[in-house]
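Here's the letter readout for the chains.
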Amino acid sequence: MASRKKVVVTGFEPFGEHAVNSSWVAVQELERLGLGDSTDLHICEVPVEYRAVQSLIPALWQQHQPQLVIHVGVSGLATAITLEQCGRNEGYKRPDNCRFSPDSQCCVENGPHCLDSVLDMEAVCRRVRESHPGLPVTVSKDAGRYLCDYTYYSSLFLGHGRAAFIHVPPLGKHFSSLDLGTALQVVIREMLNLLDEPEQAEDIKFCFHKHQEVNADK
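Each value, and the rule that gives it
- Residues numbered from 1 in each chain as written.
- Predicted model: local features only at pLDDT ≥ 70, side-chain atom pairs only at ≥ 80, totals over all residues.
- Heavy atoms only, no water.
- Core = buried A, V, L, I, M, F, W, Y, C linked by side-chain atoms within 4.5 Å.
- Buried < 20%, exposed > 50% of the residue type's maximum accessible area, 1.4 Å probe, protein only.
- Helix = DSSP H or I, 4+ residues; strand = E, 2+ residues; numbered from the N terminus.
- Axes fitted to C-alpha atoms, helices over the stretch in contact; angles between N-to-C directions.
- Parallel < 35°, antiparallel > 145°, perpendicular 65-115°, else oblique.
- Left-handed = near helix turned anticlockwise from the far one by under 90°.
- Contact = heavy atoms within 4.5 Å.
- Nonpolar A, V, L, I, M, F, W, Y, C, P; charged D, E, K, R; others polar.
- Salt bridge = Lys/Arg side-chain N within 4 Å of Asp/Glu carboxyl O.
- Expected span 1.5 Å × (residues − 1).
- Phe/Tyr/Trp six-rings, centres within 6.5 Å; stacked < 30°, edge-to-face > 60°.
- Lys NZ or Arg CZ within 6 Å of the ring centre and 35° of its normal.

Caption draft 1: Just the nonpolar core, in detail. Core analysis: the biggest nonpolar cluster contains 65 residues, and I70, I81, L83, I166 and M191 have the highest contact counts within it. In terms of residues, this core owes the most to one element, helix α5 (residues 177–195), which gives ten residues.

Caption draft 2: Just the packing of helix α3 (residues 121–131) against α5, in detail. Packing of α3 against α5 brings their axes to within 9 Å, and their N-to-C directions diverge by 125°. Overall, the two elements α3 and α5 adopt an arrangement that is oblique. In this structure, α3 crosses over α5, and the sense of that crossing is right-handed. Only V186, V187, E190, M191, N193 and L194 of α5 make contact with α3, whose side of the interface consists of M121, A123, V124, R127, V128 and S131. By residue class, the composition of the contact of α3 with α5 is eight nonpolar, two polar and two charged.

Caption draft 3: The arrangement of the pattern of salt bridges in detail. The full count for this structure, using the stated rule, is five salt bridges. Across the salt bridge formed by D40 and R4, the nearest N and O atoms sit 2.5 Å from each other. Of this pair, D40 sits in strand β2 (residues 39–46) while R4 sits in the segment before β1 (5–12); the two residues are 36 residues apart in sequence, bridging distant segments of the chain. Residue class for R4 comes out partly exposed when judged on its relative accessible area of 44%. Across the salt bridge formed by R145 and D142, the nearest N and O atoms sit 3.0 Å from each other. Within the structure, one salt-bridge network assembled from shared partners comprises D142, R145 and D149.

Caption draft 4: Local environment of helix α4 (residues 147–158). With twelve residues, α4 should reach 16 Å at 1.5 Å per residue; the first-to-last C-alpha distance of 16 Å fits that figure. The buried fraction of α4 amounts to eleven of the twelve residues, a majority that puts the element mostly inside the structure. Taken together, the buried positions of α4 are L147, C148, D149, Y150, T151, Y152, Y153, S154, S155, L156 and F157. Positive phi appears at H160, one or two residues downstream of α4, with a value of about 55°.

Caption draft 5: Main features of the packing of aromatic side chains. This model, assessed by the stated rule, comprises eight aromatic pairs. Ring plane angle 15° and centroid distance 6.4 Å describe the contact between Y153 and F157, whose orientation is recorded as stacked. Within this pair, Y153 and its partner F157 are both found in helix α4, separated by four residues, close to a single helical turn. Counting every residue linked through ring pairs, the aromatic cluster contains F15, Y50, Y92, F100, Y146 and Y150. Sitting above the plane of the F100 ring, R51 keeps its charged end 3.8 Å from the centroid. The residue whose ring lies beneath R94 is Y146, and the NZ or CZ to ring-centre distance is 4.0 Å.

Caption draft 6: View of helix α2 (residues 50–64). Here α2 spans 21 Å end to end across 15 residues, near enough to the 21 Å set by a 1.5 Å rise per residue. Where α2 is buried, its residues touch β1, β2, β3 (68–74), α4 and β8 (163–168). Following α2 by one or two positions, Q65 has its phi on the positive side, about 50°.

Without other data, these values stay purely geometric and don't point to any function.
In C-alpha cells form, the structure reads like this:
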C-alpha cells in the first residue's frame, strides 16, 4: 500500500491593487476539489509581510513535515499558469503591507544567490500540456523580488528544494475561481507524479547534500 503524501499549499492575502487575491481564492478552491485520497492537503493564507513570512514558513515545514510545499501567488501580468523554477536571495527593496522591507534586502544572510526547485518545471509543463492541452501553462525563472520570491526562496532553503511556486492571473482575467482551482489540481498532481519517479528521488538526495555543504561553509 502506497504511503500517504503530505502537501502544503499557500496563497497570499490581498495587497496593492489586488483587493481580492486570486492566489488564495484558487487555493481555497483547490481544497474543495482535493488532490486525491492518497494526499493530505493542508492550506494556509500567507500575509504579505516579510517578518510574518520569516516565522510562518519555518513553522509550516516543522508542523506538517510535508513531501512538498507549493506557494501560489498572483501576477497582474500573467495570462497563463506560470511555474517558477527558482527563487532569488537578494533584491527585496519593495515595502510590504506594513511598509517594511529588510535592511539587508535579502532573504537568508549569506545564503546562495539562487535556489532551484528539485522539480524540473519544464518537465511539469510538458506533462500538463500533454494531459490538458487547453490549459495555458508556462515556465519562468524570475518570481519578481517581492513576497512571492521571498517566500519561495525561504521554502526552497528550508525544504532542500522540495518546494514549488505557481503564479496565477487575477480573477476574471481568462480564469474563474473554479478554473484556477482546477488548474492547481492538475499541475500539483503532475508535480507529485514527478516526485515519485526514481530519478527525482536521486535529485532530492543531491539537493539535500548540497544544501548541507552550503550551510557547513558558512
